[in-house]
Amino acid sequence: VQPLDNSNVDVLIVGAGPAGLMMANWMSRCGVKTRIVDKRGTKIFNGQADGLQCRTLEIFDSFSFGHRAWIESNHMLEICLWNPDPETGVLARGDRIPDTIPGISRFQQVVLHQGRIERFFLDAIKENSVRTGCNGPAGDPSAEIKVEHGVLPTTFKFDESLAEDDEAYPITVELRHLTEEEATPPQKATSANGQGIQDGIFRSNLSVDDTMDMIRLSNTLADKAGSIETVKAKYMLGADGAHSWVRQQLGFKLEGDSTDYIWGVLDVIPITDFPDIRMRCAIHSESSGSVMVIPRENKLVRLYIQLTTTNVEGGGKKFDRSTITPETIIASAQRIMRPYKIDYHYLDWWTAYQIGQRVGNSFSWHERVFLAGDAVHTHSPKAGQGMNVSMQDAYNLGWKVANVVKGLTKRSMLKTYQSERRKIAQDLIDFDHRFSRLFSGRPAKSVIDEAGIDMKTFKDAFEKGNMFASGIAVDYGASMIVAKSGSGKDQGDGTEVLGDENLRVISDSAEKLANKLEVGKRMPSFKILNQADARPWHLQELLKSNGTWRVVVFAGNVRDPSQKKRLDTLGEKLEAADSFLKWCTPAGQKYDSVIELLSCHSAPRQETTIFDFPEVFRPWDDNDGWDYWKVHVDDQSYHEGHGQAYQNYGIDPQRGCSIILRPDQYISWIGEMDDYESMDRFFKGFMIDQRTRQGAKEVVANSKKPG
Ligand code: FAD
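Residues numbered from 1 in each chain as written. Predicted model: local features only at pLDDT ≥ 70, side-chain atom pairs only at ≥ 80, totals over all residues. Heavy atoms only, no water.

Some remarks on helix H11 (residues 455-469)
End to end, H11 covers 20 Å across 15 residues, agreeing with the expected 21 Å (1.5 Å per residue, within 8%). All of the buried residues along H11 are Met455, Phe458, Phe462, Gly465, Asn466 and Ala469. End-on, the buried residues of H11 take up no more than an arc of 110°, which puts them together on one face. Facing away from the buried surface of H11 by more than 90 degrees, the exposed residues are Lys456 and Lys464. Looking at the residues trailing H11, positive phi occurs at Gly471, about 85°. (Helix = DSSP H or I, 4+ residues; strand = E, 2+ residues; numbered from the N terminus. Expected span 1.5 Å × (residues − 1). Buried < 20%, exposed > 50% of the residue type's maximum accessible area, 1.4 Å probe, protein only. Arc of directions from axis to C-beta.)

What to know about the packing of helix H14 (residues 561-575) against helix H17 (residues 676-684)
Look at H14 against H17: their axes get within 10 Å of each other, and the N-to-C directions meet at 30°. Here H14 lies roughly parallel to H17, going by the angle between them. Contacts between H14 and H17 involve Leu570, Lys573 and Leu574 from the first element and Tyr676, Glu677 and Met679 from the second. In terms of residue class, the contact of H14 with H17 is made up of four nonpolar, no polar and two charged. (Axes fitted to C-alpha atoms, helices over the stretch in contact; angles between N-to-C directions. Parallel < 35°, antiparallel > 145°, perpendicular 65-115°, else oblique. Contact = heavy atoms within 4.5 Å. Nonpolar A, V, L, I, M, F, W, Y, C, P; charged D, E, K, R; others polar.)

Some details on helix H9 (residues 386-405)
Between the first and last C-alpha of H9 there are 28 Å, a value that for 20 residues agrees with the 28 Å anticipated at 1.5 Å per step. Within H9, 20 of the 20 residues are buried, leaving the element largely enclosed by the surrounding structure. Immediately downstream of H9, the backbone of Gly407 shows phi near 75°, a positive value.

Details of the confidence of the model for the chain
Looking at the chain as a whole, its pLDDT mean stands at 86, while 84% of the residues score no less than 70. Here residues 188-196 is a poorly scored stretch, pLDDT under 50, and it has 21 contacts once near neighbours within four places are set aside; other chains count. Taken as a whole, residues 310-316 scores under 50 in pLDDT and shows 15 contacts with residues more than four places along the chain or in a different chain. (pLDDT = per-residue confidence, 0-100.)

Regarding the environment of Ser161
Following the sequence through the fold, Ser161 ends up in the loop between strand S9 (151-158) and strand S10 (171-177). A polar atom in the side chain of Ser161 sits 2.6 Å from the side chain of Asp159. (Polar contact = N/O pair within 3.5 Å; in protein donor to acceptor, adjacent residues only side chain to side chain.)

Re the packing of helix H1 (residues 18-30) against helix H4 (residues 114-132)
Interaxial distance between H1 and H4 falls to 8 Å at its minimum, and their mutual angle equals 20°. Relative to H4, the element H1 is oriented roughly parallel. Both H1 and H4 take part in a crossing whose hand is left-handed. On the side of H1, the interface is formed by Pro18, Leu21, Met22, Ala24, Asn25, Ser28 and Arg29, while H4 contributes Gln114, Glu118, Phe121, Leu122, Ala124, Ile125, Asn128, Ser129 and Thr132. Class assignment for the residues of the contact of H1 with H4 results in eight nonpolar, six polar and two charged. (Left-handed = near helix turned anticlockwise from the far one by under 90°.)

Remarks on the sheet that holds strand S4 (residues 74-75)
In spatial order, the strands read S3-S7-S4; together these three strands make up an open sheet with antiparallel pairing. Taken across any chain shown, the strands that pair with only one partner, and hence form the sheet edges, are strand S3 (51-52) and S4. (Pairing = 2+ DSSP bridges.)

Details of empty space enclosed by the protein
As enumerated under the stated definition, the model contains five cavities of 30 Å³ or more in all. By volume, the largest cavity is sized at about 140 Å³. Along the wall of the largest cavity there are 16 residues; nearest its centre are Gln109, Arg280, Asn466, Ala469 and Ser470. Elements supplying a minimum of two residues to the lining of the largest cavity: helix H10 (415-440) and H11. (1 Å grid on protein atoms, 1.4 Å probe; cavity = no way out; pocket = protein on both sides within 12 Å on 5 of 7 lines; lining within 4 Å. Points joined across faces, edges and corners; volume = space filled by probe spheres on them.)

Quick notes on the sheet that holds strand S24 (residues 549-556)
Spatial strand order, S23-S22-S28-S25-S24-S29-S30: seven strands in an open sheet with mixed pairing. Because the sheet does not close on itself, it has two edges, and the strands there are strand S23 (536-538) and strand S30 (667-671). This sheet shows a mean twist of 30° between the axes of neighbouring strands, independent of strand direction. Alignment of strand S22 (residues 527-530) against S23, held across three bridges, turns out to be antiparallel. Each residue of the ladder has a partner; that of Lys527, found in S23, is His538. Contacts between H14 and the sheet are confined to S24 and strand S25 (595-601), with S24 contributing the most and set at about 155° to the helix.

Written out as structure tokens, the structure is:
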């Protein structure tokens, strides 16, 4: 064994699936020194998860690769519900509903396989980590965060005495570099029809976890295997899937029920006379089970088919997975979809999946080691949630860790990861529990058939479920970064995350200043215009995920003298030497690198200029002059209509209001437009004063202007 140099990193990520890649992506944006390792030899190329919810697309867009998914994916617009006709018993389309609830997002649900999504992440991580200089000098290829495939963590140590020391590396992990043979998962022998097809069984929860075997194998093959090294880390993320090694090291458990149905998943180009094969369909047969049809990119269609019930851990007979083949799956589909015919020549991928709804009992160890994705929640795949919620876990965590590593915010903010995401995981499992049972049941034969599922109930549940499934309904509870009322109960350690009581009261009562917005939810998007060049932008397009907090000042009618006076007074406070815009920003960094000030007024665009705004709203830079991209207006555009942002947010166009947004676009606080004092108090709750940290220095370069 050739020991390599020990290395110290800020963040070590174990697992390069969707959750791990999302975390690495954040680190690459924020310039944090990071390593990401995965025991597998390669990324995945096809199959696995496919559905992207509209909230996930908003997130991708905030990372500037949403368009890639939007263009390549198949868009799902309608869901058709097929059941046996009550009179004839023959399968018939009973109803249609929109796939995404109209108006909830500027995106709609799409499908694209996980391999492509991982590709978008890898490209983005490469580009950004070099640009921001994560692992080397900015701009130098050596700075890249590269996914290290075929690398297996084998030991984990944690020094609790260092847990609260911001600068310490309390985590020690030994990494073993595997041989190619070790890092290549064995493929299940497939039948003639599926020969040579990559199956998902090795990552399925029906396969026995192979991590310990691989550790043993790598020990015995140590000479052959390249090398081992010891890495010390400040923070670590276990994004290593349902069998999570990191979770096992921490002694955490997945709690819940793993006794349920087994589903087969088949990605094929179907040959069929079924008329709705290019729609998302829920098909319930009279007595042969149900199929979910998901139309996909490249003429593919995914079929989710219930194969059987099982009782793997409940003492029942263990399910023999060798009996599942592509043929058994399509044969089930053929029975369920009768009298329609369905077959295929081309099989792209297949797997078998056991539904079990489980949630991790803890998501964090001393706010140093975190778990995300399948490592802390597993559930059925049909509602297309797994990959989305997994990525959204890491989306919630990434900026928080980056803010803390960079010394901008207090470590205690990291408690909100568990308080926010464990509740979502629990909600997800409850949703999935209800949905799976509805989906797996047989249709009621008549109104008195109590054992069957009545299709109206199914449709209602489906429609309600769609709001949850879109990801838009997420509503984070009260905390130091979500100023609203709430006890914090059932959200982990409520008392420690709650934050300033008075501020929450102010924000609660101020919610009426924007009565269509809710503190704790993500900021919805409507079109507004850039004041300087009249270009329309969706508000969310201005909220790029780069780790920056935002104060959005809805300045109201700035042509009105009294409102203009309020704006000027706010400008003076924001511009003052002791403004939070300055004390939160480290010396030498750009004025908008920690908190960005954006504004949107409601006066006529053509009667206003950026110079009606105090200088702090359009900062000056000695090298490139005024910043023209901060002041916006809610007005008619030439080509894209009127976004009616004030009306859609429920904001009074005369008085306006101010809104603080977290780096992940969730609303932290709403208040009077000029309530500088509350904003300052809000930031004092968790931001570190950079003057005391690095000495008082003037940091904002907007004090000089031409002439
Ligand atoms: P994973 O995607 O599981 O990624 C974990 C990564 O960690 C893997 O790359 C793995 O190699 C690596 N790893 C594991 N252990 C170690 C270790 N000890 N050391 C280093 N690396 C390690 N969701 C849907 O929405 N729709 C679907 O149709 C669907 N189908 C699925 C089919 C299968 C077979 C499986 C397993 C899952 C499916 N899912 C589906 C769920 C979805 O894929 C997951 O929810 C999602 O991938 C979770 O992302 P993750 O990053 O948390 O974990």
